[in-house]
Amino acid sequence: MTDAVHALPELDEKHSISDDSIEKKARDGVEVDDDAVMAKEVEEFEERLQNDEATEDEYRVQEAYEVAIKVLSTRDEPELPSVTFRTFFVGLGFSAFGAVLAQIYYFKPQTLLVSQLFLLVLSYWFGNAMAMILPSRGIFRWVNPGPFNIKEHVAIIIMSSTAAVSATAIQVISVQDLYYNNKLNAGLAIFTLIGSQLLGYGYAGLLQDMLVKPTKCFWPSTISTANLFQALHYDNQMTSKRVRLFWTVFSVMFVWEIIPQWIFPLLTGVSIFCLANNHSAVFRNVFGGGSNNEGMGLLSWSFDWNLIGSDCLFNPLWLQINQDIGTFLTYILMASVYYGNLWRAKDFPFMSQAIFAANGSQYDQTALLTNGKFDPEKYEQLGPAFFSATNALYLMTSNLSLGATVTHVFFWHWQDIKPFLKTFNPWNKTPLAVHDPHYEKMKVYKQIPRWWYFLLLAVAYAIAQATNYGAHSGLPWWALTVILLISLTLSLLFATLTATIGFREFNSSANGFYQMITAYMVPGEPVANMYGALYGQHPMGQCIAMLSDLKLGQYCKLPPRVTFTMQVLGTVVGAVLNYVMMVTIIDANRDALLSISGTRLWSGQNAQSYNSNAISWGGLGPEMFGVNGVYHMVPICLAIGVVCPLPFIAAWYLWPKAGFENVSTPIILQYSSYLSVGVNTQIWPSMVIGLFSQWWVRTRYPRWFTKYNYIMAAALDGGTQVISFILNFAVFGASGTPHSFPQWWGNGASPPLLRSSFSDRTLTMVSVSRSPCARV
């Protein structure tokens, strides 16, 4: 039995890359028998794990993707309803709540994000309350069909988490309205919002056969969420150790986070070195990191889980090792660039994302424009622009990583990509075979035909071209088409890394890449640059989000057509409400949003920042990154990155058992300037906790790891996110008036400094802040 289970991933990999005809196997009955036997063996194995009858070796997770079988159950109850009154009532309610809240706080001095886990906990309480309160007999059976079940819950979360964001397109639309006197009509704006997201859903539909269904594409970030769904709905609530652990840890974190976030914010970053010398700029740059853009945080420590996050508990070991290698390179590279005075580094701040003039002052970007376009004469008057050296280094390492991703993915995953691409050949007679116990259970539900996604993609492309033209973006139709083709290709590459190892650090780097290539195709056009970044980055992000939701649906056995419907419905609801709230807020508070400082209640900081980036790249891109530009190496790094994986590939050929296949150059390079922005005191706790969980506990205590590690991750984040949401409204000023804790040395009054500088905490996110896997 054990051998059969251990052979499962091997079976999946073998069949997924085979070119044998599936039709012959079907005639012989081999494929059907193999899948049926596999599913039955996995069920029996899961039962033994659940009853503590398995051996320690059987619990032990040897390969990263084994968590999909050993941590999650393949259990399904097809008779459970997924589309009910509760699904729509709670789903639409939380979709509206999240979309409205996200859009309001896009224009607030404080940023507030509504996370998926936060919605998961609240919808669980609401769903169960409705199941207990609403009548359930006779004609009310559809209103309350029985206990609140896992399929309803997952459908609600997919819908509401899709809607509960301020979409990227709203940033473009609001900037056009505020700064370029181009107010889009309601239809054009809403279709821009919907079209830019549906493009990503079309990409996801085409890629799902390769990136959702197989076992090896296990999507590490969904394991913890799916595990929580199964624990809440499948375990006995009164006796289950998993459920008791979840609510216990949830409650402890709910109480604890009040301390570092409000009472004792100095705990967000503790540095012994800064305690020894808190006046040295060198010490601040190297060891500081408790405040935004303060320093690299070497050997600093954070006690705030809102900063650390649970990624270190569920990300695979080799992902974290590659990240850690890149982080150590960061310390060397950033210090070398700055103290070596490369690109006049010492004339500008050690860490900053602003653009500077030659005299060190901030560059007046708006003075570059005439009628919204780059003016060469004004540029001659203003002079050249400069980045902080560490920010320029980040742009270079991001492009190195992007180039390395192409080589890395196509070399290590070509045997999976090749048969997948062959399925698009109309003369191909060999369907893509998928052997996965979770997918085997999904075969009882109607699948989504591929032509649905082709149709969706065609409609979304037409919408994109029409709205791009109607909005007078300045982006030619051919440039939009090129950007969309690049976006589809990068979606395949990045989604492969996300699905197989959990690498998700591509949002900011890819956004800069799209801004750069748009600046080359359409120079001197800030608005065109915004649209280029919108149609490059946003569909790619939406593609990966939908693929993740499809995998969550596969783990929790939600019918694929329900998953698709919930995603599209959440997108439409979110788009309409995003637009309505944006127009209402801009019309009522235009002067406050246009002012630099804003007011106590309203701020245009996010729109101002987005416009500044567009001007920087759209207006200054060719001057800064051209052949004669100071930062001409930034685009060249794309080509250099392509060859970076080759030495490790050659080493793998020479020494195939030395482990070189685990070296991921895209990850190492992406993290080689990772500390150039933000708060950095959470890096070392994340490293230590990650190694403790994914190495020590996984290998020494496999039973505990399999049963409780992922539920612990969900509990730590859940308690943190719920109290963070409450604190935002209660004390941090999200409701209009902040209420500071009485002054003492732990929050800035005459402190015995434990870090190099201190600033009051004015920003808290409901979603977990940056960990080593999520740049904010």
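As shown above, the structure is provided for reference.
Residues numbered from 1 in each chain as written. Predicted model: local features only at pLDDT ≥ 70, side-chain atom pairs only at ≥ 80, totals over all residues. Heavy atoms only, no water.

(A) Structural context of the overall build of the chain. If you tally the helices and strands in the chain, you get 33 helices and four strands. Against the compact-globule benchmark of 28 Å for 776 residues, the chain has a radius of gyration of 26 Å, which places it among compact chains. Along the first, second and third principal axes, the C-alpha set of the chain runs to 75 × 65 × 65 Å. Here the chain, with 776 residues, has 61% of them falling under the buried criterion. Across the chain, the fraction of contacts at a sequence separation of at least 24, relative to all contacts at a separation of at least 6, is 82%. About 29800 Å² of surface is accessible on the chain, with carbon and sulfur atoms providing 64% of the total. For the chain, the distance from the average site of its 47 positive side-chain charges to the average site of its 53 negative ones is 3 Å. (Helix = DSSP H or I, 4+ residues; strand = E, 2+ residues; numbered from the N terminus. Rg over C-alpha atoms; globule rule 2.2 N^0.38 Å. Buried < 20%, exposed > 50% of the residue type's maximum accessible area, 1.4 Å probe, protein only. Contact = heavy atoms within 4.5 Å. Areas by Shrake-Rupley, 256 points an atom, 1.4 Å probe, with all protein chains shown as cover. Lys, Arg positive; Asp, Glu negative; His and termini not counted. Charge placed at Lys NZ, Arg CZ, Asp CG, Glu CD.)

(B) Here's a closer look at the packing of aromatic side chains. Here the structure, examined in full by the defined rule, presents 50 aromatic pairs. Here the aromatic rings of tryptophan 452 and phenylalanine 564 are separated by 6.0 Å at their centres, their planes lie at 55 degrees, and the arrangement is tilted. Taken together, the positions of tryptophan 452 in helix α23 (residues 450–470) and phenylalanine 564 in helix α27 (residues 560–594) put the pair 112 residues apart, joining distant regions of the chain. Of the residues examined, tryptophan 452 reaches a relative accessible area of 26% and is grouped as partly exposed. A ring pair is formed by phenylalanine 705 and tyrosine 710, whose centres lie 5.6 Å apart and whose planes are at 75 degrees; its orientation type is edge-to-face. The residues phenylalanine 705 and tyrosine 710 share a single accessibility class, namely buried. Among the aromatic residues, ring-to-ring pairing joins Phe94, Phe97, Tyr105, Phe118, Phe126, Phe725 and Phe729 into one connected group. Between the NZ or CZ atom of arginine 75 and the centre of the ring of tyrosine 234, over which it lies, the distance is 4.1 Å. (Phe/Tyr/Trp six-rings, centres within 6.5 Å; stacked < 30°, edge-to-face > 60°. Lys NZ or Arg CZ within 6 Å of the ring centre and 35° of its normal.)

(C) Local environment of the nonpolar core. Leu211, Tyr531, Tyr535, Leu547 and Tyr631 are the most contacted members of the largest nonpolar core, which has 204 residues in total. It is helix α26 (residues 526–556) that contributes the most residues to this core, 15 residues altogether. Not counting residues within four places of it along the chain, the set of residues in contact with leucine 211 comprises Cys217, Trp219, Leu492, Ala495, Thr496, Ala499 and Leu547. (Core = buried A, V, L, I, M, F, W, Y, C linked by side-chain atoms within 4.5 Å.)

(D) Representation of helix α12 (residues 241–256) within the structure. Look at α12: 22 Å from first C-alpha to last across 16 residues, which is about the 22 Å you get at 1.5 Å a residue. Within the span of α12, buried status applies to Arg242, Val243, Phe246, Val249, Phe250 and Met253. Projected down its long axis, α12 shows its buried positions confined to an angular sector of 140 degrees, all on one face. Away from its buried face, by an angle of more than 90 degrees, α12 presents the exposed residues Lys241, Val252 and Val255. Summarising the contacts, the buried residues of α12 are in contact with α7 (116–133), α11 (220–234), α16 (305–308) and α33 (702–730). Near the N-terminus of α12, the side chain that reaches the backbone nitrogen of arginine 242, with its oxygen 3.3 Å away, is that of serine 240. (Expected span 1.5 Å × (residues − 1). Arc of directions from axis to C-beta. Polar contact = N/O pair within 3.5 Å; in protein donor to acceptor, adjacent residues only side chain to side chain.)

(E) Broad picture of the side chain of arginine 698. When you line up the elements, arginine 698 lands in helix α32 (residues 683–700). Of the side chains bearing the opposite charge, glutamate 66 lies closest to the buried arginine 698, which forms no salt bridge; the N-O distance is 7.4 Å. With sequence-adjacent residues up to four places away left out, arginine 698 is seen in contact with Arg60, Val61, Gln62, Leu317, Ser693 and Phe705. (Salt bridge = Lys/Arg side-chain N within 4 Å of Asp/Glu carboxyl O.)

(F) Just the pattern of salt bridges, in detail. This structure, assessed with the given rule, holds 20 salt bridges. Ionic pairing is found between arginine 344 and aspartate 347, a salt bridge with its closest N-O pair at 2.9 Å. Looking at aspartate 347, the relative accessible area reads 42%, which means it is partly exposed.

(G) Structural view of the environment of tyrosine 520. Within the secondary structure, tyrosine 520 is located in helix α25 (residues 507–521). Expressed as a C-alpha distance, the spacing of tyrosine 520 and proline 622, which sit 102 residues apart in the sequence, is 6.8 Å.

(H) Molecular detail of a nonpolar patch on the surface. On the surface, Met633, Ile636, Ile640, Val642, Val643 and Leu646 cluster together into a nonpolar patch covering about 440 Å² of accessible area. Looking at which element gives the most residues to the nonpolar patch, the answer is helix α29 (residues 633–643), with five residues. Counting through the fold element by element, isoleucine 636 comes out in helix α29. (Patch = residues over 30% accessible without salt bridge, like charges linked within 9 Å, V, L, I, M, F, W, Y side chains within 5 Å.)

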